[in-house]
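Chain by chain, the residues run as shown.
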Amino acid sequence: MGPVLTPLAYIAQRWTPSPRTLRRAALSAVVMSVLIIVTGGAVRLTGSGLGCDTWPKCTEDSLIVTPEQGYRGLIEFGNRMLTYVLSAAVGWAIIATRSTKPWRRNLTRWGWAQFWIVMSNAVIGGITVWMGLNPWTVAGHFLAANALLTVAVITWHRTGEGDTPPKPRVPGPVRKLSWAITIASGLLIALGTTVTGAGKHAGDSSDVPRMPWDWTNAAHLHAIAAWVVCALALAMWLVLRVVDAPDDTRARARDLLIVLLAQGGIGYVQYFSGVPEILVAVHMLGSSLMWIAVLRLALSLRERPVPTADIPAQTDSALASA
């Protein structure tokens, strides 16, 4: 009698995803990570943060939303239910990475990292509700969602690579510039939470505590950081042309500039128009797209060639014939 297989090992023994399926599985986690960020923003912008007034249940007496909680309860409960869809996408990515032939253990670890971030952020979300939408825990909840997006994008990128040691595609100073862009962009996103934490959209119609500073001052600091990121991104675009970088890397630098210009325009319009909810939501989407563009640019500066000795993946029809 052979060893007892885990469920993942059992599936992997009988199914091998095609490279296309593997990338789609990883991409689904990226898409859901962005969606959960945007819908989380919608919860705050509609004042539905305490639509379910406890956690993990929706009320003290009900696991699900009740009619008495109105549309805000539906919005908050709907956002909680999306976590299950996100978990399913992450689960698909884990199964697909585990089922590769040969087994890419490091890629599977990236998939499991997403799972643990999802679980951790669900707890942070519950603590946020328990603390009455404390702006610091709200900020932590948002940053944890961006941590998930980071790992999801890296996993997605790694599905198109081998597991060989990375080889640089551009000179060292250019890679250091990429690190500067990544750090500055991360700081830009963190500073955005200080604007939100002190600003108008607290997440509930009741009296919710805010961060102890004027939101307009925080917005000015956020704008300065945005201009720094734009300057660094422009420098990267120019430098990549000078060093004759690969076309795909130059295209990603161009994409980042386009996203930054659009995001900056939306930011200024929302600031001078009184921070309307719809523009704040679009700005949150833009924040996710900017971070994806930053990560994809950084990841394109090195490559991991697929060894010729690798066993080619079977097609998905192998499942039907098993």
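Quick caveat: nothing in here was measured; it's all calculated off a predicted structure.

Asks: I'd like to hear about the packing of helix α7 (residues 215–242) against helix α8 (residues 247–272), residue by residue, with values.
Replies: Between α7 and α8, the least distance of the axes is 9 Å, while the angle of their chain directions is 160°. Here α8 runs roughly antiparallel to α7, going by the angle between their axes. Classified by chirality, the crossing of α8 by α7 is left-handed. Residues of the contact of α7 with α8, tallied by class, amount to 17 nonpolar, three polar and three charged.

Asks: Account for the environment of L297, naming residues and giving values.
Replies: Counting through the fold element by element, L297 comes out in helix α9 (residues 277–299). Distance in space between the C-alpha atoms of L297 and R250 is 8.5 Å, their sequence separation being 47 residues. Not counting residues up to four positions away in its chain, the partners in contact with L297 are I181, M236, L240, T249, R252, A253 and L256.

Asks: Account for the state of the cysteines, naming residues and giving values.
Replies: Counted according to the given criterion, the structure contains one disulfide. Here C52 pairs with C58 through a disulfide, and the sulfurs are 1.9 Å apart. Measuring handedness by torsion sign, the sulfur bridge of C52 and C58 sits at about -70° and is left-handed.

Asks: How would you explain the UniProt feature "transmembrane region" (unreviewed entry) in the chain if you had to name every residue and give the values?
Replies: Using the residue numbers shown here, the UniProt feature "transmembrane region" (unreviewed entry) corresponds to residues 25–45, 81–98, 110–132, 138–156, 177–199, 219–243, 255–272 and 278–299. For residues 110–132, the end-to-end C-alpha separation is 33 Å, with 91% helix and 0% strand making up the annotated structure. Across residues 219–243 one finds 96% helix and 0% strand; the C-alpha atoms that close the span lie 36 Å apart.

Asks: How would you explain the packing of aromatic side chains if you had to name every residue and give the values?
Replies: This structure, assessed with the given rule, holds seven aromatic pairs. Pairing W112 with F115 gives two aromatic rings, centres 5.4 Å apart and planes at 85°, and the pair type is edge-to-face. Remark: F115 and W112 occur in helix α4 (residues 105–130); sequence separation between them is three residues, near one turn of the helix. Its relative accessible area of 33% is what places W112 among the partly exposed residues. Centre to centre, the rings of W136 and W213 are 5.8 Å apart; their planes meet at 85°, and the pair counts as edge-to-face.

Asks: Go over the environment of K57 with me, naming the residues and quoting the values.
Replies: Among the structural elements, K57 can be located in the loop between α2 (19–45) and α3 (70–98). On the basis of relative accessible area, K57 is assigned to the partly exposed category, the value being 33%. Remark: the alpha-carbon pair of K57 and P276, spanning 219 residues in sequence, is separated by 31 Å. Each residue touching K57, except ones within four places of it in the same chain, is listed here: S62, L63 and R80. Here E60 takes part through its backbone oxygen, which lies 2.6 Å from a polar atom of the side chain of K57.

Asks: Account for the side chain of S99, with residues named and values stated.
Replies: With respect to the element layout, S99 can be found in the loop between α3 and α4. We classify S99 as buried; its relative accessible area is 0%. Excluding anything up to four places from it in sequence, S99 contacts I11, A12, W15, T16 and P17.

Asks: Break down the packing of α2 against α3 for me, citing the residues and quoting the values.
Replies: Closest axis-to-axis distance for the α2/α3 pair is 8 Å, and the angle between their directions is 165°. Classified by the interaxial angle, the pair formed by α2 and α3 is roughly antiparallel. Of the two possible hands of crossing, α2 and α3 adopt the one that is left-handed. Its residues assigned to classes, the contact of α2 with α3 shows 17 nonpolar, eight polar and two charged.

Asks: A description of the nonpolar core should follow, citing residues and the corresponding values.
Replies: Considering soluble globular proteins, one finds that nonpolar side chains tend to be buried as a cluster. The biggest cluster of nonpolar side chains holds 47 residues, and the ones touching the most others in it are L149, M236, L240 and L256. With eight residues, α9 is the single largest residue contributor to this core. Not counting the four nearest positions on each side in its chain, M236 is found in contact with V174, L177, S178, I181, A253, L297 and L301. In this structure, A198, W215, A218 and A219 belong to the second largest nonpolar core, which totals 10 residues.

Thresholds, definitions, all that
- Residues numbered from 1 in each chain as written.
- Predicted model: local features only at pLDDT ≥ 70, side-chain atom pairs only at ≥ 80, totals over all residues.
- Heavy atoms only, no water.
- Axes fitted to C-alpha atoms, helices over the stretch in contact; angles between N-to-C directions.
- Helix = DSSP H or I, 4+ residues; strand = E, 2+ residues; numbered from the N terminus.
- Parallel < 35°, antiparallel > 145°, perpendicular 65-115°, else oblique.
- Left-handed = near helix turned anticlockwise from the far one by under 90°.
- Nonpolar A, V, L, I, M, F, W, Y, C, P; charged D, E, K, R; others polar.
- Contact = heavy atoms within 4.5 Å.
- Disulfide = S-S within 2.5 Å.
- UniProt positions renumbered as here; feature names shortened; annotations may be inferred.
- Phe/Tyr/Trp six-rings, centres within 6.5 Å; stacked < 30°, edge-to-face > 60°.
- Buried < 20%, exposed > 50% of the residue type's maximum accessible area, 1.4 Å probe, protein only.
- Polar contact = N/O pair within 3.5 Å; in protein donor to acceptor, adjacent residues only side chain to side chain.
- Core = buried A, V, L, I, M, F, W, Y, C linked by side-chain atoms within 4.5 Å.

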